[in-house]
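Topology and contacts: notes
The lines below spell out each chain.
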Amino acid sequence: MKRNGYIGWDEYFMGIAMLSAERSKDNSTQVGACIVNEDKKIVSVGYNGMPTGCCDDDMPWEREGETSLDTKYPFVCHAELNAILNSNIGNLSGCTVYVTLFPCNECAKAIIQSGIKKVVYYSNKYADTESVSASRMLFERCGVVTEAYVPTGKKLVLEL
């Protein structure tokens with residue numbers, strides 16, 4: 001007889017996104033993403049961080065500065081974009097992305113262009129911003145489904 005109480009697919013994939021977010025060196029917002037194909041196979045993960053080749057210690061991580069060049073914003077790659085670029089398959093059509101924070105408008109465009117058809121998000125703390133409003137408009141007009149992740153309350157720790 002199989003074990004009861006195991007986690008479902010949504011918990012599993014959102015858990016991977018949350019674990020990926022822990023790799024972020026951003027001191028204010030850590031975001032993770034996990035892209036899954038229609039066969040429930042993980043095809044990529046990503047987190048928000050500096051582009052490959054940039055030394056994290058030499059780049060700004062602040063939210064405010066004298067100019068925008070003194071902040072993280074012109075430099076950091078978002079989790080969703082990193083996951084799309086890191087994909088181990090050529091075609092993401094029909095995939096689902098699990099992300100810890102609702103995508104900004106720039107990531108929404110990359111999600112749409114990559115062929116991803118569903119976004120499952122954990123938090124939407126910037127829901128009232130123009131960026132998220134633009135994302136929602138883009139997703140609706142392009143047929144990308146968005147769904148808030150609803151935790152089931154199942155324990156995510158294995159007992160050995």
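Higher on the page you've got the structure.
Notes on the structure follow. (Residues numbered from 1 in each chain as written. Predicted model: local features only at pLDDT ≥ 70, side-chain atom pairs only at ≥ 80, totals over all residues. Heavy atoms only, no water.)

1. Some thoughts on the side chain of Ser24
Threshold: Numbering goes from the N terminus for both helices and strands, where a helix is a DSSP run of H or I of at least four residues and a strand is a run of E of at least two. Contacts described as polar in this section are N or O atom pairs within 3.5 Å, which, within protein, must combine one atom able to donate a hydrogen with one able to accept it, while residues neighboring in sequence count only if both atoms come from side chains. Contact definition: two residues touch when any of their heavy atoms are within 4.5 Å.
Inspection of the secondary structure assignment puts Ser24 in the loop between α1 (9–21) and β1 (32–36). Reaching out from Ser24, the side chain makes a polar contact with the backbone nitrogen of Asp26 at a distance of 3.1 Å. Apart from residues no more than four positions distant in its own chain, Ser24 is found in contact with Thr29, Gln30, Tyr47 and Asn48.

2. What to know about the nonpolar core
Note the cut-off: What is meant by a nonpolar core is a set of buried Ala, Val, Leu, Ile, Met, Phe, Trp, Tyr and Cys residues, joined one to another through side-chain atoms within 4.5 Å. Burial classes follow relative accessibility: with a 1.4 Å probe on protein chains only, a residue under 20% of its type's maximum area counts as buried, one over 50% as exposed, and anything between as partly exposed.
Ile35, Ile116 and Phe139 are the most contacted members of the largest nonpolar core, which has 23 residues in total. Secondary-structure elements contributing two or more residues to this core are β1, α2 (79–85), β3 (96–101), α3 (105–114), β4 (118–123) and α4 (130–142). No other element matches the 4 residues that α3 contributes to this core. Beyond its immediate sequence surroundings of up to four residues, Ile35 is in contact with Lys41, Ile42, Val43, Ser44, Ala83, Ile84, Leu92, Cys95, Thr96, Val97 and Ile116.

3. A look at the sheet that holds β3
Test applied: When DSSP finds at least two bridges between two strands, those strands are taken to pair. The angle between two axes is taken between their N-to-C directions and runs from 0 to 180 degrees, where each axis is a line fitted to C-alpha atoms and a helix contributes only its stretch in contact.
With mixed pairing, the 5 strands of this open sheet are ordered in space as β2-β1-β3-β4-β5. The sheet is open, and its two edges are formed by β2 (42–47) and β5 (145–148), each paired on a single side. Mean inter-strand twist for the sheet, computed between neighbouring axes without regard to direction, equals 15 degrees. Pairing between β1 and β3: 4 bridges, direction antiparallel. Paired with Ala33 across the strands is Val99, a residue of β3.

4. Quick notes on α3
Every buried residue of α3 is accounted for by Cys107, Ala108, Ala110, Ile111, Ile112 and Ser114. Positive phi shows up at Gly115, right after α3, with a value of about 95 degrees.

5. Thoughts on the pattern of salt bridges
Pairing of side chains with opposite charge becomes possible as their charged atoms draw close. Short version of the rule: Put simply, a salt bridge is a Lys or Arg side-chain nitrogen that is within 4 Å of an Asp or Glu carboxyl oxygen.
Taken as a whole, this structure holds 4 salt bridges when the rule is applied. Put simply, Asp26 and Lys72 hold a salt bridge, and the shortest N to O gap is 2.8 Å. Here Asp26 is found in the loop between α1 and β1, whereas its partner Lys72 is found in the loop between β2 and α2, with 46 residues between them in sequence. On the accessibility criterion, Lys72 (5% relative accessible area) is buried. Salt-bridge contacts for Glu106 lead to Lys109; the nearest nitrogen and oxygen are separated by 3.0 Å.

6. Brief notes about the layout of surface pockets
Defined as follows: The rule is simple: put a 1 Å grid over the protein atoms alone, call a set of points where a 1.4 Å probe fits but cannot get out a cavity, call an open set with protein on both sides within 12 Å along at least five of seven lines a pocket, and count a residue as lining if it has an atom within 4 Å of a point. Grid points are joined across faces, edges and corners, and a volume is the space filled by probe spheres set on the points.
The space that makes up the largest pocket amounts to roughly 540 Å³. Along the walls of the largest pocket sit 22 residues, with Tyr73, His78, Leu101, Cys104 and Tyr126 positioned nearest its centre. Secondary-structure elements contributing two or more residues to the lining of the largest pocket are α2, α3 and α4.

7. Some remarks on the environment of Gly94
Relative to the elements of secondary structure, Gly94 occurs in the loop between α2 and β3. Taking the C-alpha atoms as reference, Gly94 lies 26 Å from Tyr126; in sequence the two are 32 residues apart. Every residue in contact with Gly94, bar those within four places of it in the chain, is listed here: Glu38, Gly115 and Lys117.

8. Quick notes on the packing of aromatic side chains
Condition: Pairing of aromatic side chains here covers Phe, Tyr and the six-membered ring of Trp, requires ring centres within 6.5 Å, and sorts the geometry by plane angle: under 30 degrees stacked, over 60 edge-to-face, intermediate tilted.
Counted under the stated rule, the structure contains 7 aromatic pairs. Where Trp9 meets Phe13, the ring centres are 5.4 Å apart and the plane angle is 15 degrees; that geometry is what we call stacked. With Trp9 and Phe13 both in helix α1, this residue pair falls 4 residues apart, about one helical turn. A relative accessible area of 46% places Trp9 in the partly exposed class. For Phe13, a relative accessible area of 0% corresponds to the buried category. Among the aromatic residues, ring-to-ring pairing joins Trp9, Tyr12, Phe13 and Tyr98 into one connected group.

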